[in-house]
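# Working through the structure, step by step
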Amino acid sequence: TRSLTITSADQSMFEKAQGEKVTLPCTFELSEEDEGPLDIEWVLIPADNQKRELIIIMYSVDRVYDQYYAATTRRMQFSNLDPKSGDGSLDILNLKAADTGTYQCKVKKAPGVQSQKIQLTVLVKPARTKCSIEGSQEIGKDVTLKCVSQEGSPLLSYDWRRVSGTQHLPATSVLNKNTGELLLKNASREYSGRYNCVASNRVGTDECSVELNVTPPVNTAAIIVGAIIGTLLGLSVLCSIIFCFCKKHREKKYEKEVHHDIREDVPPPKSRSSTARSYIGSNRSSLGSMSPSNMEAYTKTPYSQVPSEDFERTPAQNPAFAPSKVAAPNLSRMGAVPVMIPAQSKDGSIV
């Protein structure tokens, strides 16, 4: 007795690049013994056996159901619009890395039941590959050219080539295809030029390039000496600025103190005319009460001795003025010149 059988080729593994399309085959033949309704079901078997299978798409009673797995909606469909004709193959569009897994096709038509498993691996092409230089680009130094792809499924392989000059790698170069590092030992000026790196895996390639410029060693001693001299000059200028600032500050402070002392301790003198009139009026009041015999002492008083304002008194406060007690230093300090004007009364006495 013949029953339902799957006739698709026994290809259990597929490798495709991300973004591409793949068709997982599932063709079958029905027998006269199979009289039940036809069901075609595709499921995704998780890597963890503890998890349940996920139904992706199903054909049952002349109808397609593809709303089971949201991540594959509108990306997975039957290759044949009429799967009951014997072709239940599955098309997966715009492949993603998450589509990697084991897929199983189940065909049911009672009493016959057949299934087939297919392993799908979605590989990511190398992308965003970057080249860089590590180390000093000086003659006699070791320089390392690095190449790394930000995206790409393993195993990635890296290869360097020179695109300028002789287009051959230097004889002292050491290449690591797994890490993408190219070591150039004891670099010379002839190593200068553009280098290109190619990152590749089973589904694609990506490239980047870098420019190497090997130069003579830098005179570090001259740079250090120049830096020291520049630092010392900068410090000297800074010290000069600080010294001038402090000196100016002290001068301003001294001027303020001197001005303050003169204003408080030495009051401004009165005019000479007012000082003389005060002095004469004081002497007149004193001479009026003395005899002519005492006039000789007063006439001998130096005219340069004029009392200061500190010793001025009204006649009521100082009735007996003593000329000998007039302080000469105060008079000289004030810069006043005494003026003696003797007067004679009608009876012949000096007033």
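The following paragraphs examine the structure supplied in this document. (Residues numbered from 1 in each chain as written. Predicted model: local features only at pLDDT ≥ 70, side-chain atom pairs only at ≥ 80, totals over all residues. Heavy atoms only, no water.)

Further remarks concern the overall build of the protein chain. Scanning the protein chain from N- to C-terminus turns up four helices and 18 strands. Relative to its full complement of 351 residues, the protein chain shows a buried share of 30%. Sequence separation of 24 or more characterises 58% of the internal contacts of the protein chain that already satisfy a separation of 6 or more. (Helix = DSSP H or I, 4+ residues; strand = E, 2+ residues; numbered from the N terminus. Buried < 20%, exposed > 50% of the residue type's maximum accessible area, 1.4 Å probe, protein only. Contact = heavy atoms within 4.5 Å.)

Turning to the pairing of strand E10 (residues 101–109), a few remarks are in order. Pairing analysis gives eight bridges linking strand E5 (residues 38–45) to E10, with the strands arranged antiparallel. Among the inter-strand pairings, Glu-41 is bridged to a residue of E10, identified as Lys-106. (Pairing = 2+ DSSP bridges.)

Attention shifts here to the state of the cysteines. In protein chemistry, a disulfide is the covalent bond that joins the sulfur atoms of two cysteines. Within the structure shown, the criterion is met by three disulfides. With its sulfur 1.9 Å from that of its partner, Cys-26 forms a disulfide with Cys-105. Residues Cys-26 and Cys-105 are joined through a disulfide that is left-handed, its torsion about the S-S bond being -65°. In this pair, Cys-26 is assigned in the loop between strand E3 (22–24) and strand E4 (28–29) and Cys-105 in strand E10, connecting sequence segments 79 residues apart. Summarising the burial analysis for this pair, Cys-26 and Cys-105 share the class buried. (Disulfide = S-S within 2.5 Å.)

A separate point is the nonpolar core. Within the largest apolar cluster, 25 residues are counted, with the highest numbers of intra-cluster contacts made by Leu-24, Trp-42, Ile-92, Tyr-103 and Leu-120. Listing elements by their share of this core, those giving two or more residues are E3, E5, strand E6 (54–60), strand E8 (76–78), strand E9 (90–92), E10 and strand E11 (112–123). A total of four residues in this core trace back to one element, the largest contributor, which is E5. By size, the runner-up hydrophobic cluster in this structure holds 18 residues, among which are Val-143, Cys-208, Val-210 and Leu-212. (Core = buried A, V, L, I, M, F, W, Y, C linked by side-chain atoms within 4.5 Å.)

What follows deals with unusual backbone geometry. The linkage connecting Ala-110 with the following residue, Pro-111, adopts the cis geometry, with an omega of 5°. With respect to the helices and strands, Pro-111 occurs in the loop between E10 and E11. Residue Leu-155 follows Pro-154 across a cis peptide bond; omega there is 5°. Looking at the element boundaries, Leu-155 is found in the loop between strand E13 (143–151) and strand E14 (157–162). With phi around 50°, Asn-186 is a residue other than glycine that occupies positive phi space. Counting through the fold element by element, Asn-186 comes out in the loop between strand E16 (181–184) and strand E17 (193–201).

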